[in-house]
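Residues per chain, in single letters:
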Amino acid sequence: GAGVSQSPSNKVTEKGKDVELRCDPISGHTALYWYRQSLGQGLEFLIYFQGNSAPDKSGLPSDRFSAERTGGSVSTLTIQRTQQEDSAVYLCASQQGSYNSPLHFGNGTRLTVT
Amino acid sequence: DQQVKQNSPSLSVQEGRISILNCDYTNSMFDYFLWYKKYPAEGPTFLISISSIKDKNEDGRFTVFLNKSAKHLSLHIVPSQPGDSAVYFCAAESDSWGKLQFGAGTQVVVTP
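Keep in mind the model is a prediction, meaning the values are calculated, not measured.

About the cut-offs
Residues numbered from 1 in each chain as written. Chains lettered and ligands numbered in written order. Predicted model: local features only at pLDDT ≥ 70, side-chain atom pairs only at ≥ 80, totals over all residues. Heavy atoms only, no water. Helix = DSSP H or I, 4+ residues; strand = E, 2+ residues; numbered from the N terminus. Contact = heavy atoms within 4.5 Å. Buried area = accessible area lost by both parts, 1.4 Å probe. Salt bridge = Lys/Arg side-chain N within 4 Å of Asp/Glu carboxyl O. Polar contact = N/O pair within 3.5 Å; in protein donor to acceptor, adjacent residues only side chain to side chain. Nonpolar A, V, L, I, M, F, W, Y, C, P; charged D, E, K, R; others polar.

Turning our attention to unusual backbone geometry. A cis amide bond, omega -10 degrees, links S7 of chain A with the succeeding residue P8 of chain A. Mapping P8 of chain A onto the fold places it in the loop between β1 (5-7) and β2 (10-13). In this model, A41 of chain B sits at a positive phi of 65 degrees, which is unusual for a non-glycine residue. Looking at where A41 of chain B falls in the secondary structure, it is placed in the loop between β4 (32-38) and β5 (45-51).

This paragraph deals with the interface of chain B and chain A. With 20 residues of chain B at the interface, the matching set in chain A holds 20 residues. For the pair chain B and chain A, the summed buried surface comes to about 1600 Å²; carbon and sulfur atoms form 59% of the total. If you sort the residues of chain B by the area they bury against chain A, P44, K99 and F102 of chain B come out on top, with a joint share of 29%. At the boundary of chain B and chain A, one finds zero salt bridges. At the surface where chain B touches chain A, the tally comes to four residue pairs in polar contact (both at pLDDT 80 or more). Among the secondary structure elements, those contributing two or more residues to the side of chain B that touches chain A are β4 and β9 (86-93) of chain B. Counting residues per element, the side of chain B that touches chain A draws most heavily on β4 of chain B, at four residues. By residue class, the composition of the side of chain B that touches chain A is ten nonpolar, four polar and six charged.

In C-alpha cells, the structure reads:
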C-alpha cells in the first residue's frame, strides 16, 4: 500500500546552498510532521501541519528553515544557506486526524552538508 | 527542554529473555503514550500505545506499563527475538498539545 514517501532519499550539498526536501503523505491524512534526527540523537520536532490551521513552527531551529504544505497534501521543507550542523536525517510523518492516532513515517532524507 | 527521557542509550539481551525499556516524562499534561521501533535507514514504525486512563496495554509479546504518579512508562518484550534488534523511541502527547514529543531512543541488541 502507499505509505509516506520522501524524496530524495539522500542529498549531498555544499555549505551555503539551498535545499528542498519533499514529503508525500498518506492520502487522506490531515496532519503532517517534520522531524530530524542528527547522528546519535533522538527525534527533534521541527514543524506540524494540521488541516487548514496555521502550522506549529515552534521547532524550526532558525529562520533558514521553512516549510509549506500545498493543498493539504504534499509538503516541502526548505533549508536556505545550509550549514554543516544541518546534516541529519529529515523525517516526515503523516497522521489521520490528530491526537490519539499513530504517526506513519517515511524513510527519511539523509542530508549531508559538506 | 527534553520532556520525554530515555536514559538508557542501549540494551543488550539474550534471545528468549525479557527486554525492559524505560521512559520518563516531565509534563503532567501528557495523556497518551506511544512506542516506536526504528530499523537503520527506515522511518520509525508504530509499535504500541497506552492512554493515561490505563496502566497496562498488551499486544502479543509487547506490553507497555504506565505509572502516572511516577511519570514513568516501560516497554516489556518477552520473549526477545533477534528481529527485535532496533532503536526504540518513547513518545508522548496531550490533547491540547497537538504534537508528539519523542525521547532520544534506546538501541536494543538481541543476541542469539
